[in-house]
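# Residue-level structural notes
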Amino acid sequence: MEFVLLALIVIPLAVCPLFMLIPSQYPQLSRYLAALAGGTLFALSVLLFAAYEFDGGSGLRYELQWVWLENIGFLGENGITFYLGLDGIGAPLVLLNGVVIFAAVFVSWNIANRTKDFFVLLFLLVAGVYGVFISQDLFFFFFWYEVAVLPMFLLIAVWGASSEFKTFARTKEYGAMKLTMMLVGGSVLVWVAIFALFVEAGAGTYDMTVLREAALDEDFQKVVFPLFMVGFGVLAGMWPLHTWSPDGHVAAPTGVSMLHAGVLMKLGAFGILRVGMTLLPEGAEFWAPVLMAIGVTGAVYGSISALAQTDLKYMVGYSSVSHMGFVLMGLASMNEIGVNGAVLQMFAHGAMTALMFTSVGALYDQAHIRDMTQFGGIAKPMPRHTAFFTIAGLSSLGLPGLAGFVAEFHIFVGVFEAGYWWAGVLGILSAAITATYILRMLSRAYFGPLNEKWAGLKEMRLGEQFAAVLLIAMILLMGLWPAPFINRISETVEMIPGIAG
Amino acid sequence: MDQAWLIPAIPAAAFVILLIFGPYLPRKGDWLAIAAIGASFILVFPLLADLLDQADGATYVAGERAWEWLSFDLSGVGETFEIEIGFYVDPITIVMLAVVTLVALMVQVYSIAYMKGDSRYGWYFTAMSLFAASMLTLVLANNLLLLYAGWEAVGFCSFLLIGFWWEKRSAAEAAKKAFITTRIGDVGLLIGIIMLWLEGPNTFNIQEIIAFAQEGGYDSTYLTAAVLFMFMGALGKSGQFPLHVWLPDAMEGPTPVSALIHAATMVVAGVYLVARMLPLFEVADPIALDVVLVVGLTTVMISATMGLAATDIKRVIAYSTLNSLGLMFVALGSSAVTAAMLYLFVHGFFKALLFLGAGSVIHATEEQDMNRLGGLAKKMPVTAAMFAIGTLAMIGIIPLSGFWAKDEVLVFANEEQPLIVYLVLLSSLVITGLYMTRLFVRTFLFAPRDQGVYDHAHESGLLITVPLLILGLLATVAGFVVFDEVGEALGFPGGIAQFVFLREAHEFEFHLDTAITSTVLAGGGAVAGWILWQNKAELAASVRDRFAPIATLLANRYYIDEVYQFAIDHIVLGAGTVVAWFDRVVVNDGGVGGSAKIGYLAGFEAKFLQSGRLPNYALAIVSGILLLSIVMLVALV
Amino acid sequence: MSTSLEWGLLAPEILLAGWAAFIILIDLFWGGLGKERLGWLAAIGAAAAGGLSLIWVGDTKQFGDLADINDYTTLFRVLFSGIGATICILSARYVRDRLLHPGEYYALILLAIIGANGMAAAHELLTAYISLELLSFSLYTLTSYAKFDLRSNEAGLKYMLLGAFSSAIFLYGIGLIYGTTGSTQFAVIGEVLSGDTSDIEWGMYLGLALMIGGLGFKVAAVPFHMYTPDAYEGAPIPITALISALAKAAGFAFFLKLFAVAFLPLIDDWRYFIAGLSVATMALGNLVAIQQRNMKRLLAYSSIGQVGYLLLGIAALSQDTASALVLHMIGYVVTNLAAFTCVILYYNWTGREEIEEYKGLAQRAPYLALCLTIALFSLAGMPLFAGFTTKFILFQAAADEDMLWLAGVAAFFSFVSLYYYLIVIREMYVGETEEKTRFPTPWLEYTALTVLIAGVFLIGLYPKPVLELVEDGTATIFVSEELDPGEDLIGVP
Amino acid sequence: MIPIDNFLVLSAILFSLGMYGVLARRNAVLILMSVELMLQAVAINFVAFAVYLYPETFTGVIFAIFVIVIAAAEVGLALAIILRLFRNRQITNVDEADLLKW
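Residues numbered from 1 in each chain as written. Chains lettered and ligands numbered in written order. Predicted model: local features only at pLDDT ≥ 70, side-chain atom pairs only at ≥ 80, totals over all residues. Heavy atoms only, no water.

Another aspect to go through is the overall build of chain A. When helices and strands are counted, chain A shows 19 helices and four strands. For 501 residues, the compact-globule estimate of 2.2 N^0.38 gives 23 Å, and chain A sits close to it at 21 Å. Across its three principal directions, the C-alpha atoms of chain A cover 70 × 55 × 40 Å. Looking at the 501 residues of chain A, the share that counts as buried comes to 74%. Of all intrachain contacts in chain A linking residues separated by at least 6 positions in sequence, the fraction that spans at least 24 positions is 81%. (Helix = DSSP H or I, 4+ residues; strand = E, 2+ residues; numbered from the N terminus. Rg over C-alpha atoms; globule rule 2.2 N^0.38 Å. Buried < 20%, exposed > 50% of the residue type's maximum accessible area, 1.4 Å probe, protein only. Contact = heavy atoms within 4.5 Å.)

This brings us to the nonpolar core. Judged by nonpolar contacts, the single largest core of 718 residues is most densely connected at Phe-123 of chain A together with Phe-80, Phe-259, Phe-263 and Trp-270 of chain C. Counting residues domain by domain, this core receives three or more from each of domain 1 (11–262) and domain 2 (267–481) of chain C. Counting seven residues, the second-largest nonpolar core is a separate cluster that includes Leu-10, Phe-63, Ala-67 and Ile-69 of chain C. (Core = buried A, V, L, I, M, F, W, Y, C linked by side-chain atoms within 4.5 Å. Domains from an automatic or database assignment.)

For helix α14 (residues 336–367) of chain A, with 32 residues, the first-to-last C-alpha span of 45 Å sits near the 46 Å given by 1.5 Å per residue. Judged by how many residues are buried, α14 of chain A sits mostly within the fold: 30 of 32 residues are covered. (Expected span 1.5 Å × (residues − 1).)

Attention now goes to the packing of aromatic side chains. Within this structure, the stated rule accounts for 116 aromatic pairs over all chains. Taken together, a centroid distance of 5.1 Å and an interplanar angle of 40° make the contact between Phe-49 of chain A and Phe-485 of chain A tilted. Of the two residues, Phe-49 of chain A sits in helix α2 (residues 27–51) while Phe-485 of chain A sits in helix α19 (residues 483–495), which places them 436 residues apart along the sequence. A residue is classified by how much of its surface remains accessible, and Phe-49 of chain A, at 8% relative accessible area, is buried. Here Phe-198 of chain A and Tyr-206 of chain A contribute two aromatic rings whose centre-to-centre distance is 4.6 Å and whose plane-to-plane angle is 20°, an arrangement assigned as stacked. Each member of the pair Phe-198 of chain A and Tyr-206 of chain A is classed as buried. Positioned over the ring face of Phe-49 of chain A is Arg-488 of chain A, at 4.4 Å from the centre of the ring. Lys-597 of chain B extends its terminal NZ or CZ atom over the ring of Tyr-600 of chain B, reaching a point 5.7 Å from the ring centre. (Phe/Tyr/Trp six-rings, centres within 6.5 Å; stacked < 30°, edge-to-face > 60°. Lys NZ or Arg CZ within 6 Å of the ring centre and 35° of its normal.)

With that settled, the discussion passes to the state of the cysteines. Under the definition given, this model contains zero disulfides over all chains. Free cysteine Cys-16 of chain A: the closest other cysteine sulfur is in Cys-371 of chain C, separated by 16 Å. (Disulfide = S-S within 2.5 Å.)

Attention now moves to the interface of chain A and chain B. Counting from both sides, the interface comprises 61 residues of chain A and, opposite them, 48 residues of chain B. Summing both sides of the interface, chain A and chain B together bury roughly 4,700 Å²; the carbon and sulfur share of this comes to 75%. Remark: the boundary between chain A and chain B carries two salt bridges. For Arg-170 of chain A, the salt bridge goes to Asp-589 of chain B, with nearest N and O atoms at 3.7 Å. Counting the contacts that link chain A with chain B gives 10 residue pairs in polar contact (both at pLDDT 80 or more). When residues of the side of chain A that touches chain B are traced back to their parent elements, those giving at least two are α7 (172–201), α12 (281–307), α14, α16 (403–417), α17 (421–446), α18 (462–480) and α19 of chain A. Broken down by element, the residue count for the side of chain A that touches chain B peaks at 11 residues, all from α17 of chain A. Class assignment of the residues belonging to the side of chain A that touches chain B gives a composition of 37 nonpolar, 15 polar and nine charged. (Buried area = accessible area lost by both parts, 1.4 Å probe. Salt bridge = Lys/Arg side-chain N within 4 Å of Asp/Glu carboxyl O. Polar contact = N/O pair within 3.5 Å; in protein donor to acceptor, adjacent residues only side chain to side chain. Nonpolar A, V, L, I, M, F, W, Y, C, P; charged D, E, K, R; others polar.)

This brings us to the arrangement of the chains. Looking across the five pairs of chains in contact, one finds the most contacts between chains A and B. Between chain A and chain D there is no contact; the minimum C-alpha to C-alpha separation amounts to 25 Å.

Residue and element names in this part refer to chain A. For Thr-386, the location among the structural elements is in helix α15 (residues 383–396). Judged by its relative accessible area of 4%, Thr-386 is buried. Beyond its immediate stretch of four places on either side in the chain, Thr-386 contacts Ile-378, Ala-379, Tyr-446 and Phe-447.

The subject of this paragraph is the domain arrangement of chain C. All names here are of chain C. As far as domains go, chain C holds domain 1 (11–262) and domain 2 (267–481). Relative placement of domain 1 and domain 2: their C-alpha centres are 21 Å apart. At the interface, 53 residues of domain 1 touch 49 residues of domain 2. Around 4,400 Å² of area is buried between domain 1 and domain 2 when both sides are counted, 78% of it from carbon and sulfur atoms. Broken down residue by residue, the surface that domain 1 buries against domain 2 is led by Leu-90, Ile-237 and Phe-252, which jointly contribute 16%. Joining domain 1 to domain 2, the criterion identifies four salt bridges. For Arg-151, the salt bridge is made with Glu-353, and the minimal N-O distance between the two is 2.9 Å. Contributing elements (two or more residues each) for the side of domain 1 that touches domain 2: α3 (71–98), α8 (201–219), α9 (227–234) and α10 (237–262). It is α10 that provides the largest number of residues to the side of domain 1 that touches domain 2, a total of 16 residues.

The subject of this paragraph is the interface of chain B and chain C. At the junction of the two partners, chain B supplies 25 residues and chain C supplies 37 residues. Between chain B and chain C, a total of about 2,700 Å² is buried, with carbon and sulfur atoms accounting for 81% of that surface. Run the count over chain B and chain C and you get zero salt bridges. Linking chain B with chain C are five residue pairs in polar contact (both at pLDDT 80 or more), by the criterion used here. Contributions of two or more residues to the side of chain B that touches chain C are made by α26 (560–607) and α27 (614–636) of chain B. The dominant element in the side of chain B that touches chain C, judged by the number of residues it contributes, is α27 of chain B, at 14 residues. When its residues are assigned to classes, the side of chain B that touches chain C shows 18 nonpolar, six polar and one charged.

With that out of the way, let us pick up the side chain of Arg-297 of chain C. The topology assignment puts Arg-297 of chain C in helix α12 (residues 295–315). Here the side chain of Arg-297 of chain C touches Glu-233 of chain C through a polar contact of 2.6 Å, side chain to side chain. Discounting residues that sit within four places of it in the chain, Arg-297 of chain C has contacts with Gln-610 of chain B, Pro-229, Asp-230, Glu-233 and Gln-292 of chain C together with Leu-100, Lys-101 and Trp-102 of chain D.

In this section: the confidence of the model for chain C. Residue and element names in this part refer to chain C. Averaged over all residues, the pLDDT of chain C equals 90, while 97% of them reach at least 70. When the criterion is pLDDT under 50, residues 481–493 qualifies, and its contacts beyond four places in sequence or with other chains add up to 20 contacts. With a pTM of 0.91, the predicted complex shows an ipTM of 0.89. (pLDDT = per-residue confidence, 0-100.)

What follows is the structure, encoded as structure tokens:
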């Protein structure tokens with residue numbers, strides 16, 4: 001099974017040169033290749049998720065360690081190793097990534113200009129994301145973290161869409177530049193923190209399992225943890241540094257914003273959990289209230305500002321910020337239920353947002369505008385599309401039976417358990433606000449009398465419908481039967497030092 | 001006992017089948033939905049039978065079965081965090097199951113005729129099955145989380161069904177309003193559940209929580225807060241005072257939907273929740289029960305008065321529902337579970353009857369406004385007769401079921417509560433008499449106001465009238481359950497009172513004095529109503545003119561809607577716009593853009609250092625050298 | 001008494017000198033060869049010199065106290081001849097179209113390589129100074145080589161005068177150091193400075209300051225960098241590439257050796273000055289680069305930025321930092337050459353060097369655009385490419401020498417640098433041009449480009465072999481050689 | 001014997017004069033001359049050290065010779081470039097040669 005894990009990274013990277021070979025006169029060929037690659041990745045992810053079971057120790061399974069650089073300069077034994085391993089937290093996120101890439105390939109089926117370059121960059125992004133979820137070496141964790149950010153600029157700048165608003169305009173170049181610069185800016189903090197951690201641990205290696213044991217003294221952790229928190233927080237849509245997310249998603253093409261909001265934002269939260277909280281438990285303990293405050297602000301702030309948006313993609317962008325605020329709250333509760341909830345929310349929100357972007361993208365492809373006030377009664381020409389978007393909306397407002405509720409419930413219980421009752425109440429309130437803006441959008445754009453202008457709209461393409469069904473399957477699976485997810489996540493979360501009972 | 005999970009499972013299975021294969025089934029699968037709800041109805045009786053034969057004397061043993069849905073162990077504290085799915089059957093559940101399944105069956109049969117020819121006929125029955133499944137899960141749930149899941153699912157179904165004809169802007173808005181208002185209520189419920197779990201015995205199981213509370217596990221202020229939060233959820237769902245705005249608008253949905261959801265089942269879920277959790281209310285300090293009482297009273301008074309002004313017949317019935325719910329909450333406020341459950345049991349039938357009657361009128365005349373109806377009795381005798389029974393039951397005239405249940409509530413109100421409560425209830429009796437007769441008279445008797453509508457009217461087919469007849473029969477007979485002899489006759493040892501009680505077996509005493517006063521007042525109201533609104537209703541018009549300001553106030557539902565709308569538009573949406581603006585301009589352009597600009601400007605200034613003239617460059621080198629050497633010498637030497 | 005001057009050790013330099021003369025003669029007498037093939041010939045010469053210097057891999061010899069031929073020298077000899085060969089290949093087409101007297105052009109390049117080799121091999125200050133001047137003079141001439149182009153002329157003038165001025169300052173510094181320590185041998189200076197330096201502090205520190213200033217000019221550290229943008233913009237493009245690669249690399253080879261051997265004892269004194277220089281260099285280099293519209297000036301400021309990172313390596317000098325610095329320098333040189341190859345090719349086709357004029361390159365020459373993007377991303381320090389790994393190792397090494405704050409500043413400015421690289425990439429991929437004609441593919445240059453890009457990927461993805469080579473090289477300069485104090489150039493016994 | 005300080009002071013003065021010349025002068029040739037002045041100052045310095053402090057070795061003196069040689073080469077090169085500039089643009093004033101800026 002180790003090589004299946006390796007395949008997760010090798011396939012996307014190997015497929016890139018293959019795309020290059022395809023002459024650009026045959027876009028269909030590159031689409032089939034992309035679908036094939038997406039399919040295999042999805043199958044492998046499902047296989048890995050299903051096959052993973054906890055067997056004691058730190059929960060790491062299918063380990064694969066190749067020495068990359070050792071005993072040179074400041075690197076001691078096992079200095080930098082290409083160390084892959086799947087643990088309980090990684091398994092569901094690997095599955096999420098598999099699902100979203102498979103769906104994204106179908107959604108971006110009719111990208112016309114420079115199809116093959118699009119897919120090259122898309123699969124580069126996927127390779128980066130897989131790398132982060134399964135690499136156990138801090139150097140390669142950061143390596144893949146940056147690889148995931150690398151193609152974002154071109155994906156948005158070349159295939160994106162600028163948009164005019166009454167009071168301001170957001171060109172796609174602006175969106176792409178801001179997104180890339182803020183993410184890389186965030187990663188600077190992470191970079192410095194890694195240096196400090198390496199020096200302090202003195203073990204001469206980046207192997208996280210070794211760094212975990214290194215007893216770092218208390219106030220060092222308190223100083224370095226906020227670097228990780230803010231550094232990764234930028235990508236996780238942490239409150240003050242979240243502005244790239246709405247603008248980036250508005251400018252990005254559907255497939256990209258699916259992958260981005262669906263999976264890439266989870267990298268940030270995953271980073272905080274995997275690197276911040278596991279390696280610096282006391283630091284996490286000390287900064288938990290601040291993270292909780294930021295998470296709650298993000299949640300309420302995101303949902304309130306989503307209320308006032310008229311552009312569909314902006315609304316979904318702000319809702320992602322709000323849901324990521326929930327994830328941060330879950331992490332900050334520092335107890336097992338909350339952290340489980342956070343990881344569940346990462347998966348749930350990934351599937352939900354991907355589904356929302358699929359639907360908005362489908363609508364945008366046909367109607368070429370995203371202003372919900374100009375739509376009316378689209379349920380008539382596009383019933384399935386409405387059904388899919390409603391399911392995504394309902395899941396995001398936390399209807400039981402869908403993924404959103406299971407995750408949010410755990411987070412709220414965890415937050416209350418950790419004693420932040422004010423944060424819990426505000427969180428539940430922001431879930432209610434989410435209900436408001438989702439339903440307001442549904443009733444205004446989808447229900448009500450059909451606006452004649454949109455009578456010509458046709459149903460979603462078959463590819464998009466397949467993607468939507470795939471995502472709904474994930475939402476329903478987690479909503480109705482979360483046991484497989486919880487069992488995997490909770491064992492590993494237990495292993496994290498500093499997570500109270 | 002352990003097949004109880006079948007009851008919600010069958011409609012759920014029907015829902016799934018209809019959802020996927022619905023359009024391809026013959027007659028769009030309506031028979032499947034009805035068969036499913038029929039099966040659930042039938043399954044209630046074996047449950048009842050089990051419960052009865054296990055019962056020794058008057059005490060009933062509740063059956064419970066649970067399966068583990070999700071669990072992981074908490075390392076630090078040692079226990080495990082468990083969520084389970086299970087059902088808990090006790091007398092209250094049986095009463096609820098009976099009402100829900102029966103009324104649902106009646107409504108679905110009725111809908112075959114009513115919804116015939118609708119473009120989304122199949123989808124209607126799919127949503128109905130989902131509703132039935134979730135309502136039954138809610139009723140049967142043994143733990144608060146499953147109850148909450150059913151609670152939300154029911155809310156979602158009401159959103160679907162109110163917005164069934166979503167082409168109409170008003171229907172879409174009403175559906176949205178209903179779902180959001182109930183969601184706001186559910187915020188409280190969720191907080192309550194978590195609070196109970198937090199300090200309680202680390203489980204969501206209702207009975208364990210109640211047992212824990214009764215041993216004094218929670219400290220009283222904490223428990224009161226949790227319980228009031230939960231009551232907030234009941235407020236939203238049952239349309240009580242602050243969150244009642246959505247119920248009148250919910251009439252946008254098809255009438256059978258209103259009959260099922262907004263009369264017999266969903267709105268009653270709040271009452272069921274409070275009834276189920278009453279022991280908690282009692283352990284908490286009395287303020288909790290007083291709040292329930294006051295809310296019930298205010299809803300009773302508001303709905304009754306608004307009923308007077310409404311002209312749409314469905315809205316009038318909706319107000320009557322609010323009125324009855326208020327009464328139930330008053331009963332619960334004086335911790336009379338028996339009275340509340342009895343009233344709920346009875347109310348389900350005659351309110352469904354009223355709605356279906358109105359439905360048959362609408363089906364026949366395509367008209368809902370009272371001013372355009374009138375004199376239909378001749379054209380629709382059966383509907384008129386059944387509607388009359390419903391109206392009289394609602395007012396609470398002696399032989400019909402409404403009287404007995406309302407009487408119980410009055411008895412308790414009189415004994416437990418201060419006099420003011422009793423007086424308010426009595427005055428509400430009068431007003432109920434007034435607006436119910438107004439409704440009946442304006443619709444069925446005297447000269448038809450719109451000839452076109454009148455000619456168009458015809459008696460509805462059997463599929464509509466038969467459920468009306470059944471419900472009519474039940475509305476009359478159900479009241480006699482009060483007498484223990486009738487209870488024993490039906491096989492309940494010690495009568496129904498024994499069956500549904502909280503603290504100790506409770507005898508239905510027939511208080512002659514309250515019975516007489518209530519009948520006199522109710523009858524007087526009815527007669528006054530008859531006089532006011534007979535033939536051209538000139539007298540009513542003159543009364544309205546004299547009290548013009550009050551009339552307009554009532555017509556506009558005390559402007560509560562406008563206040564809420566204002567609040568939403570200005571405070572919530574306003575906050576949204578401000579936050580969105582703040583986010584875009586201050587955080588984004590100011591913060592992020594600003595720092596980028598600083599870098600840009602720094603580079604801009606530094607660019608001009610490069611003047612292109614050689615002496616400047618030489619000067620830079622010399623200054624570099626001087627600075628370096630001076631600092632080095634000063635620092636190091 | 002090592003008066004035995006083993007001339008064999010200087011075989012590569014002798015070969016280069018001979019080859020330069022040979023080329024001038026060929027250009028003079030045999031016109032038929034054609035300017036382009038002359039370039040290839042010169043490239044062959046440079047490559048041969050590089051190959052020749054591999055003979056001494058592994059052993060440590062001395063050329064009579066003047067230069068020591070060890071792994072460090074071999075490493076840099078190979079690097080410099082590699083740079084020279086690439087530049088000759090790249091300038092073949094450019095020289096054919098735009099310059100006269102190709103013979104002298106290539107000869108000067110070869111002489112520049114000799115100068116660079118001398119700087120890396122120097123064992124004492126005089127040899128270093130002479131090879132420094134040799135390198136500088138050939139670069140001054142090459143910069144102003146386009147006789148009739150005003151900009152090349154002006155660039156040459158500025159570079160020349162300021163070069164002379166700063167080498168005078170550098171010399172004064174050497175004088176003071178010689179005065180205070182009595183010898184110009186690095187090892188001896190190191191010896192004396194590690195003793196008590198209480199009475200000679202004035203001369204020593206002033207000398208050190210002046211030398212840092214002089215050297216700062218050579219590697220274009222901030223206060224002394226003013227000439228760089230103008231020299232880069234004015235000079236013919238291949239020469240700009242040469243300056244950015246050769247001058248910087250040779251400068252740092254000498255800088256590292258000088259400070260690692262001679263001034264190591266005073267590290268605690270000069271460390272924070274170099275750190276200050278490094279921060280200033282990074283700051284100004286990256287911030288002003290954002291403003292640039294001309295591609296060559298942009299690459300000039302970007303190279304200043306890179307110098308900032310290299311200075312960081314020297315500020316936190318130790319065995320590990322030295323090897324990290326050299327690795328980063330190799331990565332920088334390879335990437336920079338790749339970038340300049342693309343710029344030269346585009347210039348050959350279109351004669352344009354403004355960034356706006358790179359619009360729509362992705363359509364017209366997809367492979368070129370891809371390579372330029374890879375090079376720019378590598379310069380910005382993005383993963384998969386050399387920049388990321390070398391920067392990571394360099395900054396981590398600096399952090400190891402408790403210079404974490406400096407590593408942090410460096411990381412921040414490498415993030416700032418991403419901005420102006422993205423601007424170029426945006427023009428190439430997002431911009432649209434009217435004429436959609438595809439450019440002809442110059443096979444030879446494309447092979448050179450592919451080799452360079454392969455180098456970038458190699459260092460990025462698997463730096464182990466390169467790092468081990470570098471490790472052996474730097475090891476030699478840190479081991480304290482056997483000292484024979486009093487031994488001098490031509491000492492009287 | 002004249003104490004070494006005099007020589008060092010002399011060379012320092014000459015050095016500063018040269019530096020001032022480079023900064024103040026606008027004509028390219030005069031700047032070149034100032035640089036040459038600085039180089040001679042350095043040569044004096046070397047000779048002074050060699051004679052006074054380290055008479056037994058010739059390093060200092062050899063350095064001085066090389067400095068003079070290189071100064072000569074430098075002048076040749078510089079004048080060639082300045083001549084080129086003059087021929088192209090008929091200017092010797094360094095301030096006017098500012099085509100390359102910002």
